[in-house]
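Okay, here's what each chain looks like letter by letter:
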Amino acid sequence: MPAIEILGLEKTYSVGFWRKRLKLALHPLSLTVEDGEIFGFLGPNGAGKTTTLKLLMGLVFPSAGSARILGREWTDPSVKAQIGFLPEQPYFYDYLTAHELLEYYGQLSGVPAKQRKQRVEHVLDQVGLRDVQGVQLRKFSKGMLQRVGIGQAILHDPKIVFFDEPMSGLDPIGRREVRDLMSQLKSEGKTVFFSTHILSDAETLCDRVAIIHKGELRGVGAVEDLTSSVQGTVEVIWHGSQVPASIKALGAGCHVTGDRVRATINESQQDAIIDALRRERLRLIAITPVRTSLEAYFVEKLRRAETTAGSTK
Amino acid sequence: MRTRIAYIASNTFREAVRDRVLYNLIAFALLLSGAAIFVGQISIEIEKLVVINLGLTAVSLFGIVIAIFIGIGLVSKEIEKRTLYTVLSRPVRRWEFIVGKFFGLAGTLVVNTFFMAIGVFAALFYVSHKFVRADALILVALYFIVLEFQIICSLTLLFSSFSSPLLSAVFAFSLFVIGSFAEDLRNFASMAHGFSRWLATGAAYLVPNFSAFNVITSIAHEQPVAGQLILQNTLYALFYATMALSGAVLIFERRDLK
C-alpha cells in the first residue's frame, strides 16, 4: 500500500477584488509515494510545492481531485494522528517555552498523558533543544525555531512526515543535522515527503523526486534513474602534473590540480587511456562514469517547459 | 473532542495571561480606589450609588475592550502568523478550534470579572462600612455583564473568521454601541412606516439587545431584578452566542488558509 496517493489534486484561486478571475495554482497532480521512502518535491519558488502540501494538510481545499494517505481519505481526521507537518518558515506561539509548545502539540495529537512527558523529553534531545527547553520561543533564533518545528512534526511518532523547505534558514551544520534526522526517520521505517529548491539536499537524501514548475508536474522518478543518464563519458584521475601527448591525442579534456590530473573522455576510449597511462608509468587513481547531476536534469526540465510554453503562445 | 477544546481554551487563556492582559486589573483597581476615596469626601448619602454605578460600568467597559481587543485577533492572527498550520494539521477539527478559542476568551473574561467584582465589593465596603442584603443584587448585574461578554466574544470571533483585525474591531464595537440602544431602535421601529419600519424592525432584532442586560442603575437604587429577566437574558445570550459561533464555524470550515 502506498503511503501517499495524490489523485488529480487541483487548485484554482479566485483573484482580484472587483473583476474576479481564476488563477490555476496547481494543475491536476497525480503522484504516488511509497511507504518508507524519502520523497523530494522539487521546484523553484512559486512552483506550487507549498500549495500541494497545504492541500494534503487540509489547510486549503482542492478545486478538484482527491488524495489517500495510508490508504484512507486524506480528510479523515484519524489520518492526521499519523502524520507530522513542518510548514515553511514556521512561527509558533512565542509566549510558550519549547517544552510547553511540544506538550501542547502532544495534547492536540492525542498522545496519552503517560507517554507525553517521555516523548517531549526524547524529542527535545533529538532536535538539540534540551538546554533551552525553558526559554520562551520569542527569544529563539530562526535556526532554533526550525528545530522546534521539526520537533513538533515528529513528536507524536507519525508514520509520515511532511517537511516544507526544512533546510530554509539553517546554517551548514543545521542542514547537515536535518539531513541526518531525515535519514534516521527513514531507517525507523517512516515515510518522508519534503519540498525543497536546494537540489544538492534532494540528491543526497531522496529515493525518488518529483519536479514541479508553474503548478505542473514535469517529471518524477528515482534519483539514480534521473541522474544515471550517463552522457557516455568517464572521468579518469591519475597521479601526475603533466598530460602526456598520447593522452592528449585521444581527445581528452584535461585539468591539472596540484599533483593530480583529471581527464574526461568518451567511454569508448576508456581502455585506450588506461593503456596509455600504463605505458607512461603513471599511477591511476580512479575511473568514474560522469552522471548527469540532478541539477542538470532539473534545469533541462524547466528549460524544456519554458520552451513548450513559449511555442504554444 | 472535549479534551482538545479544553486544551485550546486553556492555551488561549495562557496567552492572555502571558500577554499581560490581566494587567488591566491594576488600572481598574486604581480607578475604583481613587473614585471611592474621592466620593467618600465630597458626597453625602450617594457614595454607595456612585461607587456601584461607576464600578459596574467600569467592569463592563474594561471587559468589552478586552473581549474586542483579544477576540479580533483570535483567528486572524493565527492565520497571519501561520501558527494555525501546525494546529489544523493535527487531529483537530476546525469547529473545535473555534469553540476552544471562544471558551478560552470567555474564561479569561470570567476570571477578569471575578477579580474586578472583588474590587467593586471592596470599594463598596470602604464607603458604606457594611454590606446589606440588597448588595447581593450586584451579583445579578455582574452575571448580566458576563452574559454580555459571551455575546461580544462570539461576535468578535465571527468577524475575526472572515475579516481583518481592524475591521473586526470596528464591526464589534459598532454592534456593541447599537446593541446598547436596541430598545430605542425597537421603539423607533414601532413608530416608523413602510420600508423604514421593515428595515428598522429587522435591524432592531438582529443586533444584540444589550440594553436588556443593563440593570446597573436600578440595582444601584436597590430595585430588585425579576427572575423572569434573569432567565430571559440567560436564554437570549445562549441563543445569540450559539448563533454567532455557528456562523463563525460555517465561515471558517470553508476558508482556505492561504
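Residues numbered from 1 in each chain as written. Chains lettered and ligands numbered in written order. Predicted model: local features only at pLDDT ≥ 70, side-chain atom pairs only at ≥ 80, totals over all residues. Heavy atoms only, no water.

## Let's talk about the overall build of chain A
Here is step 1: Secondary structure summary: chain A contains 11 helices and 14 strands in total.
Here is step 2: Here chain A, with 313 residues, has 47% of them falling under the buried criterion.
Here is step 3: At a minimum sequence separation of 6, the contacts of chain A that also span at least 24 residues come to 67%.
Here is step 4: Of the roughly 14800 Å² of accessible surface on chain A, a fraction of 49% belongs to carbon and sulfur atoms.
Here is step 5: If you average the places of the 40 positive and of the 36 negative side-chain charges in chain A, the two averages end up 4 Å apart. (Helix = DSSP H or I, 4+ residues; strand = E, 2+ residues; numbered from the N terminus. Buried < 20%, exposed > 50% of the residue type's maximum accessible area, 1.4 Å probe, protein only. Contact = heavy atoms within 4.5 Å. Areas by Shrake-Rupley, 256 points an atom, 1.4 Å probe, with all protein chains shown as cover. Lys, Arg positive; Asp, Glu negative; His and termini not counted. Charge placed at Lys NZ, Arg CZ, Asp CG, Glu CD.)

## Thoughts on the interface of chain A and chain B
Accessible area lost upon the coming together of the parts is a frequently used measure of interface size.
Here is step 1: Listed by partner, the interface residues are 33 residues for chain A and 28 residues for chain B.
Here is step 2: Both faces considered, chain A and chain B share a buried interface measuring about 2900 Å² in area, 53% of it formed by carbon and sulfur atoms.
Here is step 3: It is Leu 59, Tyr 95 and Leu 108 of chain A in chain A that bury the most area against chain B; as a group they hold 24% of the surface buried on that side.
Here is step 4: If you look at where chain A meets chain B, you find 3 salt bridges.
Here is step 5: Counting the contacts that link chain A with chain B gives 18 residue pairs in polar contact (both at pLDDT 80 or more).
Here is step 6: Sorting the residues of the side of chain A that touches chain B by element identifies strand S1 (4-15), helix H1 (49-57), helix H2 (77-80), strand S6 (83-86) and helix H3 (98-108) of chain A as the ones contributing at least two each.
Here is step 7: Among the elements that line the side of chain A that touches chain B, the one with the most residues is H3 of chain A, at 5 residues.
Here is step 8: Residue classes in the side of chain A that touches chain B are distributed as 18 nonpolar, 8 polar and 7 charged. (Buried area = accessible area lost by both parts, 1.4 Å probe. Salt bridge = Lys/Arg side-chain N within 4 Å of Asp/Glu carboxyl O. Polar contact = N/O pair within 3.5 Å; in protein donor to acceptor, adjacent residues only side chain to side chain. Nonpolar A, V, L, I, M, F, W, Y, C, P; charged D, E, K, R; others polar.)

## Topic: the domain arrangement of chain A
Here is step 1: Assigned domains of chain A: these are domain 1 (4-227) and domain 2 (233-289).
Here is step 2: Put simply, the middle of domain 1 of chain A and the middle of domain 2 of chain A, counted by C-alpha atoms, are 45 Å apart. (Domains from an automatic or database assignment.)

## Side note on the packing of helix H9 (residues 182-191) of chain B against helix H10 (residues 194-206) of chain B
Residues and elements named next belong to chain B.
Here is step 1: At a minimum axis distance of 8 Å, the contact between H9 and H10 shows a crossing angle of 160 degrees. Between H9 and H10, the interaxial angle falls into the category roughly antiparallel. Taken as a pair, H9 and H10 cross one another with a handedness that is left-handed. Residues Leu 185, Arg 186, Phe 188, Ala 189 and Ser 190 of H9 pack against Arg 197, Ala 200, Thr 201, Ala 203, Ala 204 and Tyr 205 of H10.
Here is step 2: Partitioned by chemical class, the residues of the contact of H9 with H10 number 7 nonpolar, 2 polar and 2 charged. (Axes fitted to C-alpha atoms, helices over the stretch in contact; angles between N-to-C directions. Parallel < 35°, antiparallel > 145°, perpendicular 65-115°, else oblique. Left-handed = near helix turned anticlockwise from the far one by under 90°.)

## Some thoughts on the sheet that holds strand S14 (residues 284-289) of chain A
Residues and elements named next belong to chain A.
Here is step 1: Within the open sheet, the 4 strands sit side by side as S12-S13-S11-S14. Their pairing is antiparallel. Edge positions in the sheet fall to strand S12 (253-257) and S14, since each has one partner strand and no second. Direction aside, the axes of adjacent strands within the sheet are offset by 15 degrees on average.
Here is step 2: Pairing of strand S11 (residues 233-239) with S14, which is carried by 5 bridges, proceeds in the antiparallel orientation. Pairing of Glu 235 across the sheet is with Thr 288, part of S14.
Here is step 3: Here helix H10 (residues 270-279) sits on the sheet and contacts S11, strand S13 (260-266) and S14; the angle it forms with S11, its principal contact strand, is near 10 degrees. (Pairing = 2+ DSSP bridges.)

## Concerning the confidence of the model for chain B
Here is step 1: Per-residue confidence for chain B gives a mean pLDDT of 89, with 98% of residues at or over 70.
Here is step 2: Within chain B, helix H12 (residues 227-253) of chain B carries the highest mean pLDDT (95), whereas helix H2 (residues 24-42) of chain B carries the lowest (78). (pLDDT = per-residue confidence, 0-100.)

## What to know about the pairing of strand S7 (residues 160-164) of chain A
Residues and elements named next belong to chain A.
Here is step 1: The element S7 is largely enclosed, with a buried count of 5 among its 5 residues.
Here is step 2: As paired strands, S7 and strand S8 (residues 191-196) are joined by 5 bridges and run parallel to one another. Within S8, the position partnered with Phe 162 by the bridge is Phe 193.
Here is step 3: Following the chain from S7 across helix H6 (residues 172-187) to the adjacent parallel S8, one finds a crossover that is right-handed. (Right-handed = clockwise from strand over helix to strand, strands pointing away.)

## Regarding the pairing of S6 of chain A
Residue and element names in this part refer to chain A.
Here is step 1: Side chains of S6 alternate between two faces, with Ile 83 and Phe 85 and Gly 84 and Leu 86 buried alike.
Here is step 2: In the sheet, S6 pairs with S7 via 4 bridges, with the strands oriented parallel. In the strand pairing of S7, Leu 86 is matched with Phe 163.

## A few points about the packing of aromatic side chains
All names here are of chain A.
Here is step 1: With the rule as written, the count across this model stands at 23 aromatic pairs over all chains.
Here is step 2: Both rings, one in Phe 41 and one in Phe 193, keep their centres 5.4 Å apart while their planes meet at 40 degrees; by these two values the pair is tilted. With a gap of 152 residues between them, Phe 41 in strand S3 (residues 38-42) and Phe 193 in strand S8 connect regions that are remote in the sequence. Each of the two residues, Phe 41 as well as Phe 193, counts as buried. (Phe/Tyr/Trp six-rings, centres within 6.5 Å; stacked < 30°, edge-to-face > 60°.)

## Observations concerning the pattern of salt bridges
Residues and elements named next belong to chain B.
Here is step 1: If you walk through the whole model with that rule in mind, you get 25 salt bridges over all chains.
Here is step 2: Salt-bridge contacts for Arg 4 lead to Glu 96; the nearest nitrogen and oxygen are separated by 2.9 Å. Taken together, the residues Arg 4 in helix H1 (residues 2-18) and Glu 96 in helix H6 (residues 94-128) connect sequence positions 92 residues apart. Glu 96 shares its class with Arg 4; the two are buried.
Here is step 3: The salt bridge involving Glu 78 is made with Lys 101; its shortest N-O contact spans 2.7 Å. In this pair, Glu 78 sits in helix H4 (residues 76-80) while Lys 101 sits in helix H6, placing the two residues 23 residues apart along the sequence.
Here is step 4: Assessed through its relative accessible area of 3%, Lys 101 is described here as buried.

## Quick notes on the nonpolar core
Here is step 1: If you look at the biggest cluster of nonpolar residues, it comprises 155 residues, and the most contacted ones within it are Tyr 105, Phe 162, Phe 163, Met 182 and Phe 193 of chain A together with Phe 252 of chain B.
Here is step 2: Of the residues forming this core, the biggest block, 16 residues, is contributed by helix H7 (residues 137-160) of chain B.
Here is step 3: What Phe 163 of chain A contacts, discounting residues up to four positions off in sequence, is Leu 53, Leu 86, Ile 150, Ala 153, Met 182, Leu 185, Val 192, Phe 193, Phe 194 and Ser 195 of chain A.
Here is step 4: With 13 residues, the next largest nonpolar core counts Val 236, Trp 238, Ala 263 and Ile 273 of chain A among its residues. (Core = buried A, V, L, I, M, F, W, Y, C linked by side-chain atoms within 4.5 Å.)

## Some words on a nonpolar patch on the surface
Residue and element names in this part refer to chain B.
Here is step 1: Together, Phe 162, Leu 166, Leu 167, Val 170, Phe 171 and Ile 251 make up an exposed nonpolar region whose accessible area comes to about 530 Å².
Here is step 2: It is helix H8 (residues 165-180) that provides the largest number of residues to the nonpolar patch, a total of 4 residues.
Here is step 3: Within the secondary structure layout, Phe 171 lies in helix H8.
Here is step 4: Taking the relative accessible area as the measure of exposure, Phe 171 reaches 32% and is therefore partly exposed. (Patch = residues over 30% accessible without salt bridge, like charges linked within 9 Å, V, L, I, M, F, W, Y side chains within 5 Å.)

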